[in-house]
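The primary structure of each chain is shown beneath.
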Amino acid sequence: MTEQVRTDVDGGVLTVTLDRPKANAIDVATSQALHAAFDRLRREDSLRVAVVTGAGDRFFSAGWDLKAAAGGEDIDADHGPTGFAGLTEFFTLDKPVIAAVNGLALGGGFELALSADLIVAAEHAEFALPEVNLGMVADSGGVLRLPKRLPPAIASELLLTGRRMTAAEAERWGLVNRVVPPADLLVEATELAQQVCAAAPLATAAVKEITRRTGSLDVESGYHLLRSGELPNYRAMLTSADAEEGPRSFAENRPPRWTGS
């Protein structure tokens, strides 16, 4: 990786740390490094889940590096098909990502957190999409994802005013899974990641696939899609050795031995 994006592996957990003092802002090089990290998560079978966080205790990420933009970087042209911060990788990623938000998550930093499946936030963390106050729109996922994660009135307020939301408010609206003291943030996020690792890999991939494909459907339409045979991860899970191992290990009162097949 690069100095701006560090990766560490512990078992099946890939920890991705943004480290660009002072604000962990994301320029093109950092964006490409993030994409590489998430692509690694996709490609390596031994990796089951990623935890993405920021270095320090003030910023998770301030988002797009506006100084780099003022110097001529073009967020669309220069970030290329990988998208800002590699967020296009998330559209088809069948492994979970947990955001451990250690401070301010602003603009693209908030969009990075929103792209994750689960969010653990430090007590002092805050979230905002200030793009409207900079003459822009949070179009790297924020304006699309936030209304699906919050009540419409609250999402609209954040998008139209750019105000900050505290970790406590985010927890109250169900945007984050847990709010913890800063010293416990990575411990809590890693424990959550290890719980994901304990589950069957094909089942995890099927959950990701189903939620992605049925997010805009009503329950009846989603049910018919499940039965249509059009979901390859779900289909593979149904006929897998792991689907037999789960009930067998329960009956034999022992931990399951997943093979991912």
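Bear in mind that the values here come from a model prediction, so they are computed numbers and not experimental data. (Residues numbered from 1 in each chain as written. Predicted model: local features only at pLDDT ≥ 70, side-chain atom pairs only at ≥ 80, totals over all residues. Heavy atoms only, no water.)

### What about the pattern of salt bridges?
Taken as a whole and assessed by the stated rule, the structure comprises 15 salt bridges. The partner of Asp117 in a salt bridge is Lys208, and the shortest N-O contact between them spans 2.8 Å. Of this pair, Asp117 sits in the loop between helix 3 (108-115) and strand 7 (118-122) while Lys208 sits in helix 8 (residues 201-214), and the two are 91 residues apart along the sequence. Across the salt bridge formed by Arg163 and Glu169, the nearest N and O atoms sit 2.8 Å from each other. Three or more residues are tied together by salt bridges with common partners; here these are Glu244, Glu245, Arg248, Glu252 and Arg254. (Salt bridge = Lys/Arg side-chain N within 4 Å of Asp/Glu carboxyl O. Helix = DSSP H or I, 4+ residues; strand = E, 2+ residues; numbered from the N terminus.)

### Section: the domain arrangement of the protein chain
Domain boundaries in the protein chain define domain 1 (5-197) and domain 2 (200-252). The centre of domain 1, based on its C-alpha atoms, is set 27 Å off from the matching centre of domain 2. Taken together, the nine residues of domain 1 in the interface contact eight residues of domain 2. Buried area between domain 1 and domain 2, summed over both chains or domains, comes out near 640 Å², and the portion from carbon and sulfur atoms is 42%. Notably, a salt bridge pairs Asp94 with Arg212, separated by 3.0 Å at the nearest N-O pair. Between the two partners, domain 1 and domain 2, sit four residue pairs in polar contact (both at pLDDT 80 or more). (Domains from an automatic or database assignment. Contact = heavy atoms within 4.5 Å. Buried area = accessible area lost by both parts, 1.4 Å probe. Polar contact = N/O pair within 3.5 Å; in protein donor to acceptor, adjacent residues only side chain to side chain.)

### Let's talk about the sheet that holds strand 5 (residues 97-101)
Backbone-to-backbone hydrogen bonds pair the strands of a sheet. The strands run either parallel or antiparallel. Strands sit in the order 1-2-3-5-7-10 across an open sheet of six strands; the sheet is mixed. Bordering the open sheet on either side are strand 1 (5-10) and strand 10 (178-180), each of which pairs with just one other strand. Pairs of neighbouring strands in the sheet enclose a mean axial angle of 20°, with direction left out of account. Sheet topology places strand 7 next to strand 10; three bridges connect them, and they run parallel. (Pairing = 2+ DSSP bridges. Axes fitted to C-alpha atoms, helices over the stretch in contact; angles between N-to-C directions.)

### Quick word on the nonpolar core
One finds Val97, Val101 and Leu146 to be the most contacted residues of the largest nonpolar core, which totals 45 residues. Elements with a contribution of two residues or more to this core: strand 2 (13-18), helix 1 (28-43), strand 3 (49-54), strand 5, helix 3, strand 7, helix 5 (152-161) and helix 6 (167-172). For this core, the element with the highest residue contribution is helix 1, accounting for five residues. Beyond its immediate chain neighbours, meaning those up to four positions away, Val97 contacts Phe38, Leu41, Ala50, Val52, Phe90, Ala116, Asp117 and Leu118. Core analysis: the next-biggest nonpolar cluster, separate from the first, contains 14 residues, Val120, Leu185, Leu192 and Ala193 among them. (Core = buried A, V, L, I, M, F, W, Y, C linked by side-chain atoms within 4.5 Å. Buried < 20%, exposed > 50% of the residue type's maximum accessible area, 1.4 Å probe, protein only.)

### With respect to the packing of helix 4 (residues 142-149) against helix 5
It is the contact of helix 4 with helix 5, at a shortest axis distance of 8 Å, that shows an interaxial angle of 150°. One element, helix 4, and the other, helix 5, form an angle in the roughly antiparallel class. Relative to helix 5, the crossing made by helix 4 is right-handed. Of the residues in helix 5, those touching helix 4 at Gly142, Val143, Leu146 and Pro147 are Ala155, Leu158 and Leu159. A per-class count over the contact of helix 4 with helix 5 returns six nonpolar, one polar and no charged. (Parallel < 35°, antiparallel > 145°, perpendicular 65-115°, else oblique. Left-handed = near helix turned anticlockwise from the far one by under 90°. Nonpolar A, V, L, I, M, F, W, Y, C, P; charged D, E, K, R; others polar.)

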